[in-house]
Amino acid sequence: MADVDQGSVLPSETSPLVLDGLNTTDSNGTDAVNATVAKFVATPEGTALAYGSLVFMALLPIFFGALRSVSCGKSKVAGENGCDYEYRNSSDMPETITGRDAARFPIIASCTLFGLYLFFKIFSQEYINLLLSMYFFVLGILALSHTMSPFMNRIFPANIPIKQYQLLFTQGSGETKEEIVNYEFDTKDMICLVISTVVGVWYVLKKHWIANNLFGLAFALNGVELLHLNNVSTGCILLGGLFVYDVFWVFGTNVMVTVAKSFEAPIKLVFPQDLLEKGLAANQFAMLGLGDIVIPGIFIALLLRFDVSLKKNTRTYFYTSFLAYIFGLGLTIWVMHTFKHAQPALLYLVPACIGFPVVVALLKGELTEMFRYEEVSPEDAAVKEETTESTEAEKKDQ
C-alpha cells in the first residue's frame with residue numbers, strides 16, 4: 001500500500017503533541033546540542049509562529065482529505081462523481097474500518113509502540129532509523145505522488161500524449177499464476193513519481209524538516225481520504241480506544257515521548273521555533289504526531305459524508321466537527337504551554353470531535369439518524385450493485 005490507508009504507520013503516529021523543543025536535531029539529522037548545553041528557550045514570536053503553523057498544517061489534510069473522501073470514495077472511473085482522477089489500483093481504493101477493527105486498533109497500536117520503544121533501547125538508533133528511512137522513502141514517494149495526482153490532472157498540457165504503463169509481477173504459471181504486484185500508471189503519474197522521488201532523496205540525505213512535512217502531509221491526507229469508518233459508532237469506538245491509549249502512554253510512561261523523539265521518520269509534522277533566528281537551518285522543533293490528525297480526521301470525513309447523505313445541501317456536522325478539532329487542538333496547546341509538559345492531543349480532541357456533533361444532532365433531532373448511517377466498502381458496494389443489476393435484468397427477461 002502506498003500510503004497510510006493500511007494503517008502501516010498509524011500506530012506509531014499517534015504521538016503526543018510535543019511543543020517544547022524536544023527534537024534537537026539539525027537539518028542533517030545529527031545531534032545539534034549535547035547534554036551540557038542549556039535548554040533552548042523560544043521567543044514568544046517563534047513560539048506563536050510554530051504553534052500557528054502546526055495548527056494550519058494539521059487542518060489542511062483534514063479539510064482536503066475529507067473532501068476527496070466524498071468526491072472519490074466510491075468512484076472507479078475518472079470524472080465520475082466529480083472525481084478528476086482514477087483509482088486504477090486496489091491500493092488506492094478506500095479501505096473501510098469496521099467496529100471490530102476499531103476495537104483491536106488500540107491494542108495493535110500499543111504493541112507496535114512498545115515494540116519500537118524496546119528496539120530503540122536494545123539496538124542502535126542509527127541503524128533502526130536508517131532502515132525506517134528506506135521504508136518511508138518508498139511509502140512517501142507513493143503517497144506524495146497520489147496526493148499530487150488531481151493537481152497534475154488539472155495542469156497537464158492537453159497537447160502532450162498520455163501513455164499507459166503497467167508494472168506486473170506474477171508467481172507461478174498457467175492456472176496457478178498469481179499476481180504479486182499489478183500497478184498501472186500513465187505519463188502524468190510518472191511526472192508525479194519523479195517529483196516525489198526528488199523530495200524523497202532530499203529527505204533521506206538531509207532529513208530536512210520541509211521534506212519531512214511534505215511526506216507527513218501526504219501521509220495524513222491519504223489517511224483521511226482512504227480510511228473510511230463504516231458508521232459513527234465505529235468512529236466512537238476507535239476514538240475512545242485511542243483516547244485511553246494516548247493518555248496512558250503519555251502520562252503513564254515515558255514510552256510515547258521517547259519514541260517520538262527517537263523516531264526519525266515523517267510520522268509527525270514539525271516546525272522550528274527558532275525559524276526567525278536561523279531561517280531554514282533552524283533545529284529546535286515543535287511537533288505534532290500524524291495520528292492526532294488522521295484519527296480525528298477520518299471521523300470528520302465520515303460526518304461530511306453523512307452530511308452529503310442527508311441531501312440537504314448543508315455541511316452542518318462537517319463544519320461543527322472541523323471547528324471542534326480547532327478548539328481541541330488549541331486547548332491542547334494552551335494546556336501544554338501553561339504546564340510546560342508534552343500533552344496527549346487526543347485527550348482534548350476526542351471529546352471535542354465527538355461531543356460537539358452529538359450535541360448538534362440532539363438539538364436538530366437527528367441523533368438516531370446519525371448513528372444509523374452506514375457505509376459499505378467499495379467491494380461490497382460493487383457486489384450489491386451487480387446483484388441489483390442482475391435482478392433487474394432477470395425481471396425484464398420475465
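- The name an unreviewed UniProt entry gives the protein chain is Minor histocompatibility antigen H13, with Coregonus suidteri as the organism.

1. Let's talk about the packing of aromatic side chains
- Scanning the entire structure with this criterion turns up 19 aromatic pairs.
- Residues Trp-209 and Phe-271 carry aromatic rings whose centres are separated by 5.4 Å and whose planes lie at 70 degrees to one another, so their mutual orientation is edge-to-face. With a gap of 62 residues between them, Trp-209 in helix α6 (residues 209–226) and Phe-271 in strand β6 (residues 268–272) connect regions that are remote in the sequence. The residues Trp-209 and Phe-271 share a single accessibility class, namely buried.
- Chaining the aromatic ring pairs together yields one cluster made of Phe-63, Phe-64, Phe-318, Tyr-319 and Phe-322.

2. Looking at the pattern of salt bridges
- Tallying each qualifying case throughout the model produces 5 salt bridges.
- When the shortest N-O distance is used, the salt bridge between Arg-68 and Glu-225 registers 3.2 Å. With a gap of 157 residues between them, Arg-68 in helix α2 (residues 44–72) and Glu-225 in helix α6 connect regions that are remote in the sequence. Each of the two residues, Arg-68 as well as Glu-225, counts as buried.
- Among the ionic pairs, Glu-375 bridges to Arg-305, the shortest N-O distance being 2.5 Å. Placement of the pair is Glu-375 in the loop between α13 (367–372) and α14 (378–397) and Arg-305 in helix α10 (residues 291–310), with a sequence separation of 70 residues.
- Under the relative-accessibility criterion, Glu-375 is labelled buried at 7%.
- Using a relative accessible area of 8% as the deciding quantity, one classes Arg-305 as buried.

3. Regarding a nonpolar patch on the surface
- There is a patch of nonpolar side chains on the surface, built from Phe-114, Leu-118, Phe-119, Ile-122 and Phe-123 and spanning about 490 Å² of accessible area.
- The topology assignment puts Leu-118 in helix α3 (residues 99–122).

4. Here we look at unusual backbone geometry
- With a phi angle near 55 degrees, Lys-207 is a residue other than glycine that sits in the positive phi range.
- Summarising the element assignment, Lys-207 is placed in the loop between α5 (187–206) and α6.
- You can call Lys-207 buried: its relative accessible area is 18%.
- Positioned with a positive phi, Asn-313 is a non-glycine residue whose angle comes to about 60 degrees.
- Relative to the helices and strands, Asn-313 is located in the loop between α10 and α11 (316–339).

5. Looking at the environment of Leu-346
- Within the fold, Leu-346 resides in helix α12 (residues 346–364).
- A relative accessible area of 0% means that Leu-346 is categorised as buried.
- Through-space distance from the C-alpha of Leu-346 to that of Leu-242 is 7.4 Å; in sequence the pair is 104 residues apart.

6. Things to note about the environment of Ala-301
- Tracing the backbone through its elements, the reader meets Ala-301 in helix α10.
- Here the alpha-carbon distance between Ala-301 and Leu-67, two residues 234 residues apart in the chain, equals 7.4 Å.
- Contact partners of Ala-301, with chain neighbours within four places excluded, come to Ala-66, Ser-69 and Val-224.

7. Topic: the packing of helix α4 (residues 125–155) against α5
- Packing of α4 against α5 leaves a shortest axis separation of 8 Å and a crossing angle of 140 degrees. The pairing of α4 with α5 is recorded here as oblique in orientation. At the point where α4 passes α5, the crossing takes the right-handed sense. From α4, Ser-133, Met-134, Phe-137, Ile-141, Leu-142, Leu-144, Ser-145, Met-148, Ser-149, Met-152 and Asn-153 reach across to α5, where they touch Lys-188, Asp-189, Ile-191, Cys-192, Leu-193, Ile-195, Ser-196, Thr-197, Val-199, Gly-200, Val-201 and Val-204.
- Looking at the contact of α4 with α5 residue by residue, the classes come out as 14 nonpolar, 7 polar and 2 charged.

Cut-offs and rules
Residues numbered from 1 in each chain as written. Predicted model: local features only at pLDDT ≥ 70, side-chain atom pairs only at ≥ 80, totals over all residues. Heavy atoms only, no water. Phe/Tyr/Trp six-rings, centres within 6.5 Å; stacked < 30°, edge-to-face > 60°. Helix = DSSP H or I, 4+ residues; strand = E, 2+ residues; numbered from the N terminus. Buried < 20%, exposed > 50% of the residue type's maximum accessible area, 1.4 Å probe, protein only. Salt bridge = Lys/Arg side-chain N within 4 Å of Asp/Glu carboxyl O. Patch = residues over 30% accessible without salt bridge, like charges linked within 9 Å, V, L, I, M, F, W, Y side chains within 5 Å. Areas by Shrake-Rupley, 256 points an atom, 1.4 Å probe, with all protein chains shown as cover. Contact = heavy atoms within 4.5 Å. Axes fitted to C-alpha atoms, helices over the stretch in contact; angles between N-to-C directions. Parallel < 35°, antiparallel > 145°, perpendicular 65-115°, else oblique. Left-handed = near helix turned anticlockwise from the far one by under 90°. Nonpolar A, V, L, I, M, F, W, Y, C, P; charged D, E, K, R; others polar.

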